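Structure at a glance
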Amino acid sequence: MEKKYIVALDQGTTSSRAIVFNSKAKKIASNQREFTQYFPESGWVEHDAEELFLCQLTVLQETLRQAKINPEEVSALGITNQRETVVLWDKKTGVPVHRAIVWQCRRTAPIVEALVASGKSDLIYEKTGLIPDAYFSATKIQWILDEVPGLRERAENGEILAGTIDTWLVWRLTGGRVHVTDFTNASRTMLFNINTLEWDEELLSVFKVPRCILPEVKDSSCVYGTTSKEVCGFEIPIAACIGDQQAALFGQGCFSKGEVKTTYGTGCFMLMNTGDKIIRSRNKLLTTIAISMNGKIQYALEGSVFMGGTVIKWLRDQLGIIKSAKECDQLAESVPDAAGAVLVPAFTGLGSPYWDQYARGTLVGLTRGVTKAHICRAAIEGIALQVKDLLVCMTDDAGEEIREMKVDGGACVSNILMQFQSDILDRPIFRPKNVETTALGAAYCAGLATGFWKNKQEILDNAQTDRIFTPSMDEEKRQAACKKWKRAVERARLWEKEEL
């Protein structure tokens, strides 16, 4: 049967989706479903790994049915995933031994603090390109091994497997036959040496993680195995795994050195392709692997904002002042500014360039004249101002001017957010017609691995721009907004430090 389609599984922080693409990268069908978020203690975030898998499998099956596609028509399946989140499970039964600890979770901040105090920061950065932080996977694995009774001994005996979400999905989809990850996800664990391209024995010792529980590391674009008919009801080659932000970089066609994209999802993530060169940041950005394809590695500089589109969900679900993201935009557009209010959305700490595990969300500058419309405006501006911090650092690290930025992700459909982003950056913003470039990147990787697409030029030929946002804010107003933002950030920092 002719191979007409590629399926992408986009496993995010709050939902799982499946999208079917044709050879022109047009979306044929898609489904999305949210799953449960667990917050057992302040600053802790967990997922039920089995619920997450079943949610992903369900949307995959539903999407194929909806599109009326025979699985034999699908060339391959590609996976893109929330990074850093980790699962440990029983090798024989496949049952998770603890809830997945999510990338946003701050429970291991004391472990990181102790590592920094013992002088391990430079070692970790030189080997991994990462700033020591609870954000990454290593301390999460260490915590689970230490906290679940008897688990460390079982792990050392080879009875336990571990992995990021891509690894968990592949293992479950293949019926437990394949334990694998790709270079992009491995580079986010704080256990993988981006210079030697292998699990690092010294880091494994630092974090007390047995090598035997970790997956094999392969290219982002290659055939890992086939879905199990017993588990899924059909057999489709799994031909890509790639971390969500790297997938978006690839999906945007940022194949050349110096090209930049920012994804507005749960968080905001800015990546610059640096080619085959490892660039060490002077500004506390991360050096990471952008993609591995045909045995060749490309690197990236990355700035990470922990709270992006989730800020809007917080307004909806926790504060209850809006019913939808669209209402947030409408309220924000109804006022000319935020009436002096500034929202720093450091609900789970601050990422680049601050790396403050103890920062917390702050709303300052309130007067009795501030309404929910102004708070909505402050929330939108807070997202964009975090991204401004990243671009300033990235420009300095790269040593060259960034003249434009490509954007994607669910929150970038907000015109007011994108216009303010362009204004505060003083640069044009390019939004594609398909803003789900994370899923598209995974699809492209899978399609290239199976010959569905012949080369990268075919991918570039598919690209279409929806809208270009150009700056219209005067410099004085821009500088004033940035200055006020910096003052607000300082008030959010170190909030949870006990001695303060």
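Everything discussed here concerns the structure shown above.
Note that the structure is a prediction, hence the values are computed from the model and not measured.

Turning our attention to the layout of surface pockets. A water-sized probe rolled over the atoms picks out the places where empty space is left. If you add up the space inside the largest pocket, you get close to 920 Å³. Tyr264, Gly265, Thr266, Gly410 and Ala411 are, among the 44 residues lining the largest pocket, the residues nearest its centre. By volume, the second largest pocket amounts to about 550 Å³. In terms of lining, the second largest pocket is formed by 23 residues, of which the most central are Phe39, Gln104, Met307, Thr310 and Gln318. The biggest single contributor to the lining of the second largest pocket is helix H11 (residues 310-319), with six residues. The residue inventory of the lining of the second largest pocket, partitioned by class, reads seven nonpolar, ten polar and six charged.

All right, on to the sheet that holds strand S15 (residues 260-264) then. In space, the seven strands of this open sheet follow the order S17-S18-S16-S15-S21-S22-S23, with mixed pairing throughout. Pairing within the sheet leaves two strands with one partner each, and these edge strands are strand S17 (286-293) and strand S23 (465-469). Averaged over all adjacent pairs, the angle separating strand axes in this sheet is 30 degrees, with direction ignored. With five bridges connecting them, S15 and strand S16 (residues 268-275) associate as antiparallel partners. Across the sheet, the residue bridging to Thr262 is Met270, located in S16. Sheet strands in contact with helix H14 (residues 415-425) are S15, strand S21 (405-408), strand S22 (429-432) and S23, and its direction is about 150 degrees off that of S22. Strands in contact with helix H15 (residues 437-450) are S15, S17, S21 and S22; relative to S17, the strand with the most contacts, it is inclined by about 40 degrees.

Relative orientation of the contacting elements H11 and helix H13 (residues 372-398) amounts to 160 degrees, with a least axis distance of 9 Å. The orientation of H11 with respect to H13, classified from their angle, is roughly antiparallel. Read as a crossing pair, H11 and H13 show a hand that is right-handed. Contacts between H11 and H13 involve Val311, Ile312 and Leu315 on the former and, on the latter, Ile375, Cys376, Ala379, Ile380 and Ile383. Looking at the contact of H11 with H13 residue by residue, the class counts come to eight nonpolar, no polar and no charged.

In this structure, Ile141, Leu191, Phe207, Tyr264, Leu315, Val344 and Met405 are the most contacted members of the largest nonpolar core, which totals 116 residues. Per-element tally for this core: the top contributor is H13, with 15 residues. For Val344, the residues in contact, after removing those within four places along its chain, are Leu350, Gly361, Thr362, Trp485, Ala488, Val489 and Ala492. Core analysis: the second largest hydrophobic core is formed by 39 residues, Ala29, Leu64, Leu77 and Val87 among them.

Here is what the cut-offs are and how they apply
Counting restarts for each chain, with residues numbered from 1 along the sequence as it is written. Local features in this predicted model are restricted to residues of pLDDT 70 or higher, and side-chain atom pairs are both shown and tallied only at a pLDDT of 80 or more, whereas totals for entire chains, interfaces and linings draw on every residue. Remark: hydrogens and water are excluded; side-chain values derive from all non-hydrogen atoms of the structure. Here the term cavity refers to a set of points on a 1 Å grid, laid over the protein atoms alone, in which a 1.4 Å probe fits but cannot get out; the term pocket refers to an open set having protein on both sides within 12 Å along at least five of seven lines, with lining residues being those that place an atom within 4 Å of a point. Grid points are joined across faces, edges and corners, and a volume is the space filled by probe spheres set on the points. Helix and strand assignments follow DSSP, with helices taken as H or I runs no shorter than four residues and strands as E runs no shorter than two, numbered in order from the N terminus. All amino acids are sorted into three groups, where Ala, Val, Leu, Ile, Met, Phe, Trp, Tyr, Cys and Pro are nonpolar, Asp, Glu, Lys and Arg are charged, and the leftover types, Gly among them, are polar. Whether two strands pair depends on DSSP finding at least two bridges between them. Angular values range over 0 to 180 degrees, each being the angle between N-to-C directions of two axes fitted as lines to C-alpha atoms, with helices fitted over their stretch in contact. In this analysis, two residues are considered to be in contact whenever any of their non-hydrogen atoms come within 4.5 Å of each other. Note on terminology: angles under 35 degrees are roughly parallel, angles over 145 are roughly antiparallel, angles of 65 to 115 are roughly perpendicular, and the others are oblique. A clockwise turn of the near helix away from the far one marks a right-handed crossing, whereas an anticlockwise turn of less than a right angle marks a left-handed crossing. By nonpolar core we mean a set of buried residues, namely Ala, Val, Leu, Ile, Met, Phe, Trp, Tyr and Cys, connected to one another through side-chain atoms within 4.5 Å. Throughout, exposure labels follow a simple rule: accessible area from a 1.4 Å probe, protein chains only, divided by the maximum for the residue type, with under 20% read as buried, over 50% as exposed, and the rest as partly exposed.

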